[in-house]
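Letter by letter, the chains look like this.
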Amino acid sequence: MKIIAIANQKGGVGKTTLTRELSACCALRGYQVLVIDADPQGNLTASWVDSSIYEATLSHVLIEPEAVQGFKREPLTLDAAVVESPVTNLDLIPADIRLARFESQPDYLTHRLRKQLYEHAMLYDLVFIDCPPQLGKLLTAALYAAQYVLVPCAADAMGLQGLSDLSFTIEQVRENVNSELTMLGAVINLYKPQRNLSAEARAAVEQAHTLVGYVFDTNLHDYSKVAEAPSQRLPVVLYAEKHRAAEQLWSLTDEILERLQMDAKHLSVVKG
Ligand SMILES: Nc1ncnc2c1ncn2[C@@H]1O[C@H](COP(=O)(O)OP(=O)(O)OP(=O)(O)O)[C@@H](O)[C@H]1O
Ligand SMILES: [Mg+2]
């Protein structure tokens, strides 16, 4: 089981998009994949399933329910919150706004996600965690649980903004709680080839000190197909399989699997 947190506290850089598309590509490659929505916005969840199909969410796994008549109650175990996505081999732990309460929970609960993954998700080859755009307890819980962190950056003038804060958080987690946390790499997203600014942003990210040598070769361009796929509940590689966006996502997937030293598996099929 390899656990990858997709993190950047800057909003709108493509964390959810990359979590969604890369986890789907890995599942379609034949790996057993679990994707965890660790953002109270619940965007990842809504991109795969309707709220009527689940009751339990990540907040039920991470937050202790109110005591009843003085008796403390345990949260659910992770496996109790798993739902199937429309993609073969891809399971989901949903989230919604109730997860926002996690930020005010006691510190010891930040360890619970890691413990639950090692107790209940060992059968998955890959686990991806979509992090919220804040340097808070949810991000800490995800970085504590993960072995790898993947950082999407937007190829715009603000692309580097906040990266040093994120690097600091990663260092803190590494020093204090999770020494095995490894930088998997940075992905340049929302790339616009016709704009000099995009190439400049890529060059700036490549020189950011924690990312030197870690930026993936494949840029994900700004394509409307990428933004449209969630409303169809399809991964981009099936929604627009002949499009350049699909090509780039497969290429990124291959780069990531190679860095994770996972063997290539064969393409499988989507459920009807
Ligand atoms: N390569 C792309 N091409 C076109 N649209 C994209 C691309 N990547 C992301 N988007 C769109 O940009 C918006 C922000 O992306 P996304 O939600 O993945 O970012 P995020 O980092 O998860 O945001 P937040 O910080 O709010 O969680 C979404 O509407 C998404 O569809
Ligand atoms: Mg998001």
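So, here is what we can say about the structure in this document. (Residues numbered from 1 in each chain as written. Chains lettered and ligands numbered in written order. Predicted model: local features only at pLDDT ≥ 70, side-chain atom pairs only at ≥ 80, totals over all residues.)

This part is about the site of ligand 1. Taken together, 18 residues lie around ligand 1, and Lys15, Thr16, Thr17, Pro133 and Val226 are the ones closest in. Secondary structure elements with two or more residues in the shell around ligand 1: helix 1 (15-28) and helix 8 (224-228). Looking at which element gives the most residues to the shell around ligand 1, the answer is helix 1, with 3 residues. Looking at side-chain class alone, the shell around ligand 1 contains 7 nonpolar, 8 polar and 3 charged residues. (Near = placed C-beta within 6 Å. Helix = DSSP H or I, 4+ residues; strand = E, 2+ residues; numbered from the N terminus. Nonpolar A, V, L, I, M, F, W, Y, C, P; charged D, E, K, R; others polar.)

On to the pairing of strand 4 (residues 90-93). Of the two faces of strand 4, the one holding Leu90 and Leu92 and the one holding Asp91 and Ile93 are both buried throughout. In this sheet, strand 4 lies alongside strand 2 (residues 33-37) in parallel orientation, the contact comprising 4 bridges. In the strand pairing of strand 4, Val33 is matched with Leu90. For strand 3 (residues 83-84) and strand 4, the ladder comprises 2 bridges, and the chain directions are antiparallel. Looking at the pairing, Val83 lines up with Leu92 of strand 4. Hairpin remark: strand 3 followed by strand 4, antiparallel, with 5 residues in the connecting loop; positive phi at Asn89, about 70°. (Buried ≥ 20, exposed ≤ 12 C-beta atoms within 10 Å, placed from the backbone. Pairing = 2+ DSSP bridges.)

Attention now goes to the nonpolar core. Residues Ile129 and Ala142 are the most contacted members of the largest nonpolar core, which totals 81 residues. Residues within four places of Ile129 in sequence aside, it is in contact with Ala5, Ile6, Ile36, Ala38, Ala142, Ala145 and Ala146. (Core = buried A, V, L, I, M, F, W, Y, C linked by C-beta atoms within 7 Å. Contact = placed C-beta atoms within 7 Å.)

Next up on the list: helix 1. For helix 1, which comprises 14 residues, the first-to-last C-alpha distance of 20 Å matches the rise-based estimate of 20 Å (1.5 Å per residue) to within 8%. Most of helix 1 is tucked away, with 14 of its 14 residues classed as buried. Immediately downstream of helix 1, the backbone of Gly30 shows phi near 110°, a positive value. (Expected span 1.5 Å × (residues − 1).)

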